[in-house]
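An overview of the molecular structure
The residues making up each chain are set out below.
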Amino acid sequence: MPENQDTRNNNKPSGFLGLSQNLWRLAIVMAISQFSIGLWKWEFSIFLRTLIEPWQMGLVFSSGTFAGIVGGLASGMIADRIGRRKTLALSFGRY
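What you are looking at is a predicted structure, and each value in this text was computed from that prediction instead of being measured.

A few points about the pattern of salt bridges
Applying the stated rule across the entire model yields one salt bridge. The closest approach of N and O atoms between Asp 80 and Arg 84, which form a salt bridge, is 3.0 Å. Overall, Arg 84 belongs to the exposed group, its relative accessible area being 52%.

Given below as structure tokens:
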């Protein structure tokens, strides 16, 4: 039985560590943004240390983390309901 074109292409590796060039580009951009956010949070916490107590700083960062988790879940559910494009348009639009 001859192999078809689809099975031959699926056996080839798609790139370095299995990622295509576009996926590597996306991974690098995401890594840079995550590093930048982490650096900003660290610098912001040093600034906050002079203004508020340590327990208040913990409350601020814990609240921000919780809001990010809830916001990610909520935006995912909204995007599943009305579509990704409309969700992006809604998030970038004016109120």
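Some thoughts on the packing of aromatic side chains
Counting across every chain of the model gives three aromatic pairs. Residues Phe 44 and Phe 61 carry aromatic rings whose centres are separated by 6.3 Å and whose planes lie at 80° to one another, so their mutual orientation is edge-to-face. Note that Phe 44 is positioned in helix α2 (residues 21–49) and Phe 61 in helix α3 (residues 54–82), a separation of 17 residues in sequence. Three or more aromatic residues joined by ring pairs make a cluster, and in this case those are Trp 40, Phe 44, Phe 47 and Phe 61.

A look at the environment of Gly 58
On the secondary structure map, Gly 58 appears in helix α3. For Gly 58 and Ser 45, which are 13 residues apart along the polypeptide, the C-alpha to C-alpha distance reads 9.4 Å.

Describing the confidence of the model for the protein
Low pLDDT means the predicted atomic positions in that stretch should not be read closely. Scored by pLDDT, the protein comes out at a mean of 80, with 83% of its residues at no less than 70. Mean pLDDT across the elements of the protein bottoms out in helix α1 (residues 5–10) (53) and peaks in α3 (88).

Here's the deal with a nonpolar patch on the surface
On the surface, a nonpolar cluster with roughly 440 Å² of combined accessible area is contributed by Phe 35, Leu 39, Trp 42 and Ile 46. In this structure, Trp 42 sits in helix α2.

Procedures and definitions
Residues numbered from 1 in each chain as written. Predicted model: local features only at pLDDT ≥ 70, side-chain atom pairs only at ≥ 80, totals over all residues. Heavy atoms only, no water. Salt bridge = Lys/Arg side-chain N within 4 Å of Asp/Glu carboxyl O. Buried < 20%, exposed > 50% of the residue type's maximum accessible area, 1.4 Å probe, protein only. Phe/Tyr/Trp six-rings, centres within 6.5 Å; stacked < 30°, edge-to-face > 60°. Helix = DSSP H or I, 4+ residues; strand = E, 2+ residues; numbered from the N terminus. pLDDT = per-residue confidence, 0-100. Patch = residues over 30% accessible without salt bridge, like charges linked within 9 Å, V, L, I, M, F, W, Y side chains within 5 Å. Areas by Shrake-Rupley, 256 points an atom, 1.4 Å probe, with all protein chains shown as cover.

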